[in-house]
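Given next are the chains, with one letter for each unit.
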Amino acid sequence: MKKLSAFTLLIVIIMCSVSFHPVYAADDKSYYGDGISAKWDDIVPYLSVLYRNTPYISISNGKETRTFQFNTELFWDLGLYVYGEPDSVQFSGTVNDFKAAANGYFRAGSNEKIAGEYRFLGFSIGGVPITNSRFPTEIQSDGSDIFLVKYTELPANLKKAYGVNSFSNASYMPIRDIIENPNSPVWNFTTKINNKDVSLKEKLTQIGLFKNNAPTIALLDYGVVYSWAESGGIIRLFFRSGKNKDKYAYSTFMGPVNIDFITKMPKAFSEMKIEGGLEHKIGENTFYMKASDKKLSFDVALHGVMEDYWSSLSDFAKIYSYTRDNMTGYSICIDGKTCQKVNLIRQNSTVIFDSVLRGYTVDSSMLVPGRNTLTIGGVLRVDFSGNGGNRYISAPCSINVTVIYDISTPTVAVPTEIPQKTPLPTAKPSCTPRIEVERKW
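Source: prediction; values computed, not measured.

**Focus on the pattern of salt bridges**
Here is step 1: Using the criterion set out here, one finds eight salt bridges in the structure.
Here is step 2: Measuring nitrogen to oxygen at the nearest pair gives 3.5 Å for the salt bridge that ties Arg66 to Glu64.
Here is step 3: For Glu64, a relative accessible area of 36% corresponds to the partly exposed category.
Here is step 4: Overlapping salt bridges, with partners in common, bring together Arg176, Glu180 and Asp221 in one network.

**Quick look at the sheet that holds strand E17 (residues 281-283)**
Remark on secondary structure: sheet strands pair via backbone hydrogen bonds, oriented parallel or antiparallel.
Here is step 1: With respect to topology, six strands assemble into an open sheet ordered E17-E18-E25-E24-E20-E21, the strand pairing being mixed. Only two strands of the sheet have a single partner each, and these edge strands are E17 and strand E21 (337-338).
Here is step 2: In this structure, E17 lies alongside strand E18 (residues 286-290), joined through two bridges in antiparallel fashion. Across the sheet, Lys281 pairs through a bridge with Phe287, a residue of E18.

**Examining the sheet that holds strand E16 (residues 267-275)**
Here is step 1: As summarised here, the arrangement of the four strands in space is E16-E19-E23-E22, forming an open sheet in which the pairing is antiparallel. The open sheet is flanked by E16 and strand E22 (343-346), the only strands paired with a single partner. The mean angle between the axes of side-by-side strands here comes to 20 degrees, regardless of whether they run parallel or antiparallel.
Here is step 2: Summarising the sheet, E16 and strand E19 (residues 295-307) pair through nine bridges and their orientation is antiparallel. In the strand pairing of E19, Phe269 is matched with Val305.

**With respect to the nonpolar core**
Here is step 1: Grouped together as the largest cluster of nonpolar side chains are 33 residues, with contacts concentrated most on Phe298, Ile334, Phe353 and Ile376.
Here is step 2: Among the secondary structure elements, those contributing two or more residues to this core are E16, E18, E19, strand E20 (327-334), strand E23 (350-363), strand E24 (370-384) and strand E25 (391-406).
Here is step 3: Looking at this core, the element that brings in the most residues is E25, giving seven residues.
Here is step 4: With residues up to four places along the chain from it excluded, the contact list for Phe353 reads Leu302, His303, Gly304, Met306, Met327, Tyr330, Ile332, Val342, Asn343, Leu344, Leu380 and Val382.
Here is step 5: If you look at the next biggest cluster of nonpolar residues, it comprises 28 residues, including Trp187, Leu219, Leu220 and Leu237.

**Some words on the environment of Asn188**
Here is step 1: Among the structural elements, Asn188 can be located in the loop between helix H7 (176-179) and strand E9 (190-193).
Here is step 2: Sequence separation of Asn188 and Ser199 is eleven residues, and the distance between their C-alpha atoms is 5.3 Å.

Rules of the game
- Residues numbered from 1 in each chain as written.
- Predicted model: local features only at pLDDT ≥ 70, side-chain atom pairs only at ≥ 80, totals over all residues.
- Heavy atoms only, no water.
- Salt bridge = Lys/Arg side-chain N within 4 Å of Asp/Glu carboxyl O.
- Buried < 20%, exposed > 50% of the residue type's maximum accessible area, 1.4 Å probe, protein only.
- Pairing = 2+ DSSP bridges.
- Helix = DSSP H or I, 4+ residues; strand = E, 2+ residues; numbered from the N terminus.
- Axes fitted to C-alpha atoms, helices over the stretch in contact; angles between N-to-C directions.
- Core = buried A, V, L, I, M, F, W, Y, C linked by side-chain atoms within 4.5 Å.
- Contact = heavy atoms within 4.5 Å.

In structure tokens:
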């Protein structure tokens, strides 16, 4: 390939509005197919300020960090902004594949004699695998004559060719429910079919496997996940021809992954218990107060548990799970008050949090005569960082306390001796007035 003049190269850069990104580049005629080399000093005058000051990037895969240089060869030949090479994307867990093409830019196969294209060129400046727009269309079909095939049921030779084995999805099983969720971003992943962007949802609907806005298959039983991270997701599905059962094809769907679907959150729950207050306690969480009692006091304990299954997770699974390793803080709040001391116990599968609010007081002015029900609320909160952003989980709980407030007037005691009462005056009997009658005998 002839070197481009400065003017022509500038036109290519202007026309190439898609910003492709970095890895490593070397002049290799058998790999790039031209043997013409370009050094960093040759291309830097034509780069934007951002790239001109970024000759390399560093990428971490969670275990180690590597540096990838700007691919001067791809920029000189095709005007593409790429860091590293096609093989470099494997560092981030992305599986690259090669397809023969008559006018393919790359060379592969035995002695690098086959011309074709790689699906991914390298990394972007942000560390995301860059899709090769020249990669041949995968499936030329309207979907009426193809069937979805489980990757475990592929012929042995194709499993080898596609880099598939029975454990391909094992690493992603801890977040299977996230990936297969009806609201997962995976259904909006796209691929090129007949030079048109087609979503995974559209493709499955086309072959009758997506109905009532939900899939009818367990996706990870069929598709192989090659990447599921903050930088994006990649899943490959395999198809068999209905007319020719020996003919197979595959399609790779890619797209962005929302932070909420990158890492699995642990489960947590909490409960509260009333302690103390024995002077007034008459039953479980039930107290009795007399009119003369001004205050009731007891302690409120909160017991919280976070289930992270830490001891049973593989190192790879921990990358996709928030665990105790990612905790940046925790707190227990009872009745709106943050407890100053929280006891923490790490067990194999759980982390236990305990705290007590001392001297919770119920004032008689808060009560009405008779039965009173008070609800005390509490919450355990655990904060995390990393794995796609700052997150937290909370486990609220509440407990009801019954207070019987008796303000009835006490009964007056009857004396043992009854005092003598002063006798009332005797009433004179009523009589008819006496009439004197004079008689003569």
